[in-house]
Amino acid sequence: MADKPKISLRKAKTKTYKFYFYTIMLTLSALYIIGLFTTSFSVSGSAASPLHTLRRIFIVPLTDMEYIVQFPVYIGFMIETIAIAYAGVTVATILAVPVAFLAARNVTKRFSYIGKSLLNAIRAIPELIFAIIFVAAVGIGPYAGVLAISINSIGMLGKLYAEVIESIDTSNVDAIKASGGNRIQAMWYGVLPQVIPEFSSYSIYRFEIDVRASTVLGIVGAGGIGAPLILATYQRNWEDVGMILIVVVVFVSLIDLISGKIRKKLV
């Protein structure tokens, strides 16, 4: 009984400390925002001060109507980026399944090293290198981005799928074989029902990664929002850079939130 007052007192102190912490952080944030909006940033010589550049990136696009009306243009580029990621991960999901079965030790046994070597070789090459190769092969545009995303995603998804296959419960497979089922039936009815939920979860997670990767691939001409981003950076159009960054952050956050909820329901 004597411990209860101590626990209550400790909880009260913790709440008090949290209250003071949040109050201080909110006060400092408010002072920072007020100072940023009210301070007149001077330009010395030909180069602007770092604070002036930060203000052009993070403040002006949200306060100047001249730039606010341009957001739909960059939202269109971001939707193209998401479409590239979606197409790439869809192709990768389909192609990674047979490669994963080839790489799984409990399926192909002695020949699993072939699939594992293939997946290791793919994962060793960054998607940016794939994008440069496919831009040179098929030209500038979203098609090169889709090819780069899909090939690179096969390496990661194939490895994860193979690990899932290797960790399945083999009792169902053995029961199907014992009852006269062939190898294909054992795979279809004994393996796939166990691995499909995790396959789907990993594919959605990879889609999140591919959205971010597609943003970067546009820098080398593989379509999406990366091209206007690098162009605005080269031209020092910091307001355009700020608008693009805001659009990317908002869409990536929404995708992470939605896909996270979907993955929780799948697993």
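Since we're looking at a predicted model, the values are computed, not measured. (Residues numbered from 1 in each chain as written. Predicted model: local features only at pLDDT ≥ 70, side-chain atom pairs only at ≥ 80, totals over all residues. Heavy atoms only, no water.)

## Here we look at the packing of aromatic side chains
Inference 1: On inspection of all chains with the given rule, the structure shows 4 aromatic pairs.
Inference 2: Seen from their ring centres, Phe130 and Phe134 are 6.4 Å apart, and the 20° between their planes marks the pair as stacked. In this pair, Phe130 and Phe134 both sit in helix H8 (residues 127-138), 4 residues apart, roughly one turn of the helix.
Inference 3: Assessed through its relative accessible area of 10%, Phe130 is described here as buried.
Inference 4: Between Tyr161 and Phe199, the aromatic rings sit 3.9 Å apart at their centres with planes inclined by 20°, giving stacked as the arrangement. A residue pair is termed long-range when its members are at least 10 positions apart, and Tyr161 in helix H9 (residues 142-166) and Phe199 in helix H11 (residues 183-217) qualify at 38 residues. (Phe/Tyr/Trp six-rings, centres within 6.5 Å; stacked < 30°, edge-to-face > 60°. Helix = DSSP H or I, 4+ residues; strand = E, 2+ residues; numbered from the N terminus. Buried < 20%, exposed > 50% of the residue type's maximum accessible area, 1.4 Å probe, protein only.)

## Some words on helix H12 (residues 226-234)
Inference 1: Those residues of H12 that sit buried are Gly226, Pro228, Leu229 and Ala232. Along the long axis of H12, the arc covered by the buried residues comes to 165°, so they all point the same way.
Inference 2: Looking at the buried side of H12, the elements it contacts are helix H5 (71-103), H11 and helix H13 (238-266).
Inference 3: Phi for Arg236, located one or two positions after H12, is positive at around 60°. (Arc of directions from axis to C-beta. Contact = heavy atoms within 4.5 Å.)

## Structural notes on the packing of helix H10 (residues 171-178) against H11
Inference 1: In the contact formed by H10 and H11, the axes pass within 9 Å of each other and the chain directions differ by 155°. Considering their axes alone, H10 and H11 lie roughly antiparallel with respect to each other. By crossing handedness, the relation of H10 to H11 is classed as right-handed. In contact with Asn172, Val173, Ile176 and Lys177 of H10, H11 contributes Arg183, Gln185, Ala186, Tyr189, Gly190, Val191 and Gln194.
Inference 2: Here the residues of the contact of H10 with H11 sort into 5 nonpolar, 4 polar and 2 charged. (Axes fitted to C-alpha atoms, helices over the stretch in contact; angles between N-to-C directions. Parallel < 35°, antiparallel > 145°, perpendicular 65-115°, else oblique. Left-handed = near helix turned anticlockwise from the far one by under 90°. Nonpolar A, V, L, I, M, F, W, Y, C, P; charged D, E, K, R; others polar.)

## Structural notes on the nonpolar core
Inference 1: Met78, Phe101, Ile165, Val191, Val195, Phe207 and Val211 are the most contacted members of the largest nonpolar core, which totals 47 residues.
Inference 2: No other element matches the 12 residues that H5 contributes to this core.
Inference 3: Ignoring anything within four residues of it in the chain, the contact list for Phe101 reads Val107, Thr108, Ile165, Met187, Val191 and Leu192.
Inference 4: Core analysis: the next-biggest nonpolar cluster, separate from the first, contains 12 residues, Ala131, Ala144, Val146 and Ala148 among them. (Core = buried A, V, L, I, M, F, W, Y, C linked by side-chain atoms within 4.5 Å.)

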